[in-house]
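Working through the structure, step by step
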Amino acid sequence: MDPLEGEASSVSVEYEPVSVKDVLIEMKDTAELLIDLSYSAVLHRNVDLAQEVLRLEERMNVLELRARMSLMMAVRKPADAEELAPVLGIVAAADAISDAAGDIAKIVLEEMGLPEAMRAALPEAAEVLVRGVVDSDSEYADRTLEDIDLESETGVRVIALRRGEDWLLNPGPTTTVSSGDVALLRGPDTAIGDVCEVLTGDVYETPTVDDPGIPDLERAVDTIIHMKNLSELAVDLAYSSVLFDSAELAEEVRNLEVEVDAMQSRFEAWTLRAAADAEDPVVLRGLIRLGTSTEVISDAAIDISEGVLRDIDVHPVVQLAVQESDEIITRVEVEPGSDLDGTTVTSGVPEVESTMSVIAIRRPGDGWLLVTDADAELRGGDVLISKGTRTAAEAFEELARA
């Protein structure tokens, strides 16, 4: 048994008064980080990242128990149970995402079969996620992120810090990077090695890969990455559909889940065909686990938005969580002849007077396009998933109307 798993099973959790709102927010942030970490661990064959996934998975287990306890204490009458049932579904779905991420990480930790050339098949422009322990002699140690100004200088972001058993998710400008912290960094492949060396004091080694002789591996890796991105988007939209009580966003979650299911089916068929040609079919075992776990994540997104799909009123505790941020996600359909019809979108930014960022496009007949991966031209009939402020969202809807 993995030592981390043995450690996890001995953890005792007692009831203590906690804000359900705060727990839900932390569960959401943890679920999103878990997805990111687990895929990065597999695609870059990184054991350290995989071990951080299991630590975060244990943190999610604690959060789930605390959320369940608080929700049970809050039920006083049948009406409370009806309102809180969807919230319990959100809690369970976050735990399902956590378990799926743990299964993905174990592809690396258990040395499950996986083509070593997966990293070589990754897009050259893909960002890299690495883990490093902050050295006491590092020039970054004991300084705030604002003072270091790392992202402006290098394009590398600190997406999380682990200080002992405590996690700092979404660190901001005032967050101090302390010596001994475990830092999770994301950034371009060309810059992250230098940053990692300054942070840790150790030489950064780029993983080397060999060609496994499996035909069409690049297309398979592209499929897995696309499934992962769509599942992440589904989770993001699912939380937003609940937070903003949006049936339209919940329907898009359902559309994404159907797309991921179809891709997973095609991916399974490719894996079986590749097994017939591979010298050692066992190297594909991890790919099967990867595809199955990805589908579990998209299924969990449906569970998160189930209350909205069933037209159950959003509980006040969830509405409180909305007030934490002015940023929202919206769904807009481009009408033919509108200001958005024929507009070019580059890296998510449309060429119009708007501060909204387009995340994805659902084009009838063509499926989903993640515009962070490629430039696109908007057409009448496109359904846009965008992120921005409430004020910008209202103006953006006007631009979509003919």
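So, here is what we can say about the structure in this document. (Residues numbered from 1 in each chain as written. Predicted model: local features only at pLDDT ≥ 70, side-chain atom pairs only at ≥ 80, totals over all residues. Heavy atoms only, no water.)

1. A few points about the overall build of the chain
When helices and strands are tallied, the chain shows 13 helices and 13 strands. Of all 402 residues assigned to the chain, the portion counted as buried reaches 50%. Of the contacts formed within the chain by residues at least 6 apart in sequence, a portion of 79% connects residues at least 24 apart. Element-wise, carbon and sulfur atoms account for 46% of the exposed surface of the chain, whose accessible area totals about 18,800 Å². (Helix = DSSP H or I, 4+ residues; strand = E, 2+ residues; numbered from the N terminus. Buried < 20%, exposed > 50% of the residue type's maximum accessible area, 1.4 Å probe, protein only. Contact = heavy atoms within 4.5 Å. Areas by Shrake-Rupley, 256 points an atom, 1.4 Å probe, with all protein chains shown as cover.)

2. Comments concerning the sheet that holds strand β12 (residues 376-377)
Pairing is antiparallel in the open sheet, where three strands are placed in the order β9-β8-β12. What marks the edges here is a single partner per strand, and that holds for β9 (349-350) and β12. Here strand β8 (residues 344-346) runs beside β9; their pairing, made up of two bridges, is antiparallel. The residue of β9 that forms the bridge with threonine 346 is valine 349. (Pairing = 2+ DSSP bridges.)

3. Considering the sheet that holds strand β3 (residues 157-163)
One open sheet accounts for four strands, arranged β1-β6-β3-β4; its pairing is antiparallel. The open sheet has two free edges, formed respectively by β1 (127-133) and β4 (166-169), since each of these has just one partner strand. The mean inter-strand angle of the sheet, taken between neighbouring strand axes irrespective of direction, is 20°. Inspection of the sheet shows β3 paired to β4 by four bridges, in the antiparallel sense. Directly across from leucine 161, in β4, lies its bridge partner leucine 168. Across the sheet, helix α3 (residues 47-74) is in contact with β1, β3, β4 and β6 (182-188); its angle to β1 comes to roughly 80°. (Axes fitted to C-alpha atoms, helices over the stretch in contact; angles between N-to-C directions.)

4. Things to note about empty space enclosed by the protein
Taking a probe equal in size to a water molecule and rolling it over the atoms shows the remaining empty space. This model, assessed by the stated rule, comprises two cavities of 30 Å³ or more. Looking at the second largest cavity, its volume works out to about 30 Å³. Along its surface, the second largest cavity is lined by Tyr140, Ile148, Leu150, Val158, Val177, Leu185, Val195 and Leu199. Of the residues contributing to the lining of the second largest cavity, the split by class is eight nonpolar, no polar and no charged. (1 Å grid on protein atoms, 1.4 Å probe; cavity = no way out; pocket = protein on both sides within 12 Å on 5 of 7 lines; lining within 4 Å. Points joined across faces, edges and corners; volume = space filled by probe spheres on them. Nonpolar A, V, L, I, M, F, W, Y, C, P; charged D, E, K, R; others polar.)

5. Re the packing of aromatic side chains
Applying the stated criterion to the full structure yields one aromatic pair. Arranged with centres 6.0 Å apart and planes meeting at 20°, the rings of phenylalanine 267 and tryptophan 270 form a pair that is stacked. Placement of the pair is phenylalanine 267 and tryptophan 270 together in helix α9 (residues 247-277), with a separation of three residues, close to one helical turn. Accessibility expressed as a relative area gives 8% for tryptophan 270, which makes it buried. In this arrangement the basic side chain of lysine 28 is found over the ring face of tyrosine 239, its NZ or CZ atom lying 5.8 Å from the centre. (Phe/Tyr/Trp six-rings, centres within 6.5 Å; stacked < 30°, edge-to-face > 60°. Lys NZ or Arg CZ within 6 Å of the ring centre and 35° of its normal.)

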